[in-house]
Amino acid sequence: MKKLIALVGLLLLVQVVNAQTLRFTAIPDQSTARLMTRFGKVADYLSGELGIEVEYIPVKTYSASVTAFKNNHVQMAWFGGLSGVQVHLAVPGSVAIAQGKEDTEFRSYFIAHSSTGLQRSNEFPHEIRSRTFTFGSKGSTSGRLMPEYFIRQHFKEAPRKVFKRVGFSGDHSRTLALVQSGSYQVGALNFKVWEREVKAGNVDTSQVRVIWQTPPYPNYNWTVRGDVVERFGRDFIERTQRALLDMNEKDLLESFPRSKFIPANNSMYKPILDTAIHIGIIRE
Amino acid sequence: MVLGAVTPNLMVLYDFRHAILSTVTFAFCGISLGICLGTVFAFLFRYNVVRLFCAFIRAIHEIFWAFILLPVVGLNPICGILAIGIPYSGIFGKVYAEIIQEANQRPLQGLPAKTNRISKILYGVLPVIYEDIKNYTSYRFESALRSSAVLGFIGLPTLGFHLEIAFREGMYSEVSALLYGFYLIIASLRFWVKPRFVIGYLAGSIILISKEISLSLENALRFFTHEILPWPMRKNGILDGTNELSFEFQELWEWAAGLFATDGLEGLWQTTVLTQIVLATTGILTLLSFPAISHHFIRTRLWRQLGHLILIVCRTTPEYILAYVFVQLLGPSMLPAIIAITLHNFAILSFLTGGNANLLKLRADAPRKRINCYLYEVLPRVYSQFQAFLFYRWEVMMRESAILGLLGIYTLGFFVDSSISDAQMDKAMFLIILTACLNMGIDSISQLVRKRLKVSIKLTTAC
């Protein structure tokens, strides 16, 4: 019993020691290495602005980022539309405070390997039926939720019925690589990732091309837990929001890539919530 | 990739020293927990409840345990330690109990009549079984290291974490360095893991990780009393905001039946198909390959040693990592999974069967021609042992088949992973329990088959 008390005491001590560190995570929408450099810099920036220690906790899955937030293991996170909505429901008081300027009108691109002969069009490409298709991560908004929504809308069937084979590559960079190599004929990914990779010269446009872009929808956001005010002070949410909106170092913003951050709130993501309910990811 | 394999960037091992350290500490703490609980289970093993409980906890793969534990304890060392410790305690419980049962009874009978229970165990049982227990446990430590490394793939800070990054980024020199580092740890085990050092290592491990632990009772409670309960029970409470639970048998039944009919059935089917394919391919490959390490067939020592080396590499690389590599190479389908599970298991079986073959003394008039010698002399004599080994691995193959669903094959792991990423823990739990039931079913069939084959195998070498 004494040992148990000592253990509990030790655990409490550990908690107290860590109390002044703000931890945040981000959905792993790209390879962990890239995220670790990007968010390492963000942590330094926020630490300077807020005057407390800020630490980035890398995770490997979308669900782990949601869980870490729910469990107060992290107090803030860079979420996608879907993961954001999931935590807004699960953690009362959590609020979206900022989003990228581009996140109000986010899009997914459908891309195809050149051997399919599919060309870019403004109409939904019905010819993708019976081909092989890869989403990104199962928990991704632009790599899974919205593409699946439009596929269901146009084919009136679940993706697994529509396509010969359906895969989940894990993240956007891999979706691009898999379609470019021909492992999958068609795929859907985050348009920002596509544009950045094209700009960086990582895309062989003779092998893979965009064939359709989805209508716009709201996506990524910074969300904080409501109870941070108890730990870091009453105006902490406003200060954090300010710090994010004031972020103007070019290489920092470009690593996201966003041109700047603008204010956000939970209600902006209502369309995402409705879609998730419609597909059955969020139950009603 | 080949270039990367021959140009390992060994410098990264220094950068990843924390990952290497946590791989070892997780394995140490996990297996210690497994030994403690397993010993208790072993002495209570005559009770059916304990027996069933052990079967159940070991039927769930370490990665599934990590999935279940992640929301309860958070992303910290405790998650990794419990994920290893819980299933291993089930395994130890069973194996220790069997070792005790098969132990020589004579020392026990030699003790004075009034000897109390504890003395009986200390003087009559432990000394007899110590050697077997030690061998088996140290073998298991090796697999605990494998489990620990693989847990990195789902986000714990072990070797797998960096291995996955290195693969993703195509940094194959780092990949090979990490893998070689891992082989080195396993190969050097017998030099630094000795019974007298274990306590010291364990204490060191606990001190190391205790810095990073934080637990919250609230999270655990919420998880067990809410999140894993079937949706129909929580639905009304969530919709009207009270979070109260309701119980409606009809709805609950429909929920379970619906889940079983969709994800459950397909997952079960695909898992079973994959398991049976690898059971067959492993069997065939083993029969073809075991002569490679047998002196009846390969007379040059050097070649036999080469054969051994290949088997050791295949056996030491965790299935999950093999499968991950083959998915990158061949794209997601059942093929990578088949190759990975087959390679890992055939290496173990071939080693055991080849070892058995080496024990045979052939008669002087045995056929000279190797093919005849194989077919008429060696194979008939090792075959029933081989079968017993193969069936012993059956449930292990099934556990792996299910877990490889995480890589995109539609086995049960795929549907568990989908439910978790949709934040529907109740569905995930239902499917994990279904997986466990399939595993327990296969385990009991395998036991029946082995009983009918009437071959007992020495456990310390077989698993």
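Residues numbered from 1 in each chain as written. Chains lettered and ligands numbered in written order. Predicted model: local features only at pLDDT ≥ 70, side-chain atom pairs only at ≥ 80, totals over all residues. Heavy atoms only, no water.

Student: Which parts of the structure should I look at to understand the packing of helix 17 (residues 334-359) of chain B against helix 18 (residues 370-403) of chain B?
Tutor: The description of two packed helices rests on the angle between their axes and on the distance between the axes. Residue and element names in this part refer to chain B. Contact geometry for helix 17 and helix 18: axes closest at 9 Å, N-to-C directions at 155°. By the angle between their axes, helix 17 is roughly antiparallel relative to helix 18. Crossing handedness for the pair helix 17 and helix 18: right-handed. Of the residues in helix 18, those touching helix 17 at Ile 341, His 344, Asn 345, Ile 348, Leu 349, Leu 352, Thr 353, Asn 356 and Ala 357 are Val 378, Val 382, Gln 385, Phe 386, Phe 389, Leu 390, Arg 393, Met 397, Glu 400 and Ser 401. Looking at side-chain class alone, the contact of helix 17 with helix 18 contains eleven nonpolar, six polar and two charged residues. (Axes fitted to C-alpha atoms, helices over the stretch in contact; angles between N-to-C directions. Helix = DSSP H or I, 4+ residues; strand = E, 2+ residues; numbered from the N terminus. Parallel < 35°, antiparallel > 145°, perpendicular 65-115°, else oblique. Left-handed = near helix turned anticlockwise from the far one by under 90°. Contact = heavy atoms within 4.5 Å. Nonpolar A, V, L, I, M, F, W, Y, C, P; charged D, E, K, R; others polar.)

Student: Please clarify how the sheet that holds strand 11 (residues 261-263) of chain A should be interpreted in this entry.
Tutor: Backbone-to-backbone hydrogen bonds join strands into a sheet, with any given pair of strands oriented parallel or antiparallel. Residue and element names in this part refer to chain A. With mixed pairing, the six strands of this open sheet are ordered in space as 2-1-3-10-4-11. Bordering the open sheet on either side are strand 2 (53-56) and strand 11, each of which pairs with just one other strand. With direction set aside, neighbouring strand axes in the sheet form an average angle of 25°. As paired elements, strand 1 (residues 21-26) and strand 2 share four bridges and run parallel to each other. Looking at strand 2, one finds that Leu 22 is bridged to Val 54. Seen against the sheet, helix 10 (residues 236-245) touches strand 1, strand 3 (76-79), strand 4 (95-100), strand 10 (221-224) and strand 11 and runs at an angle of roughly 5° to strand 4. (Pairing = 2+ DSSP bridges.)

Student: In this structure, what is going on with unusual backbone geometry? I would like to understand it.
Tutor: Excluding glycine, most residues fall at negative phi; most peptide bonds, likewise, are trans. Look at the link from Phe256(A) to Pro257(A): it is a cis peptide, with omega at -10°. Mapped onto the elements of the fold, Pro257(A) is located in the loop between helix 11 (250-254) and strand 11. Even without being glycine, Lys156(A) reaches a positive phi, approximately 55°. Secondary-structure assignment places Lys156(A) in the loop between helix 5 (141-155) and helix 6 (159-162). Unlike most non-glycine residues, Ala423(B) shows phi in positive territory, near 55°. Residue position: Ala423(B) is located in the loop between helix 19 (412-421) and helix 20 (425-453).

Student: Looking at this structure, I do not really get the side chain of Asp443(B). What am I missing?
Tutor: Examined against the element boundaries, Asp443(B) turns out to sit in helix 20. Beyond its immediate sequence surroundings of up to four residues, Asp443(B) is in contact with Arg58(B) and Glu395(B).

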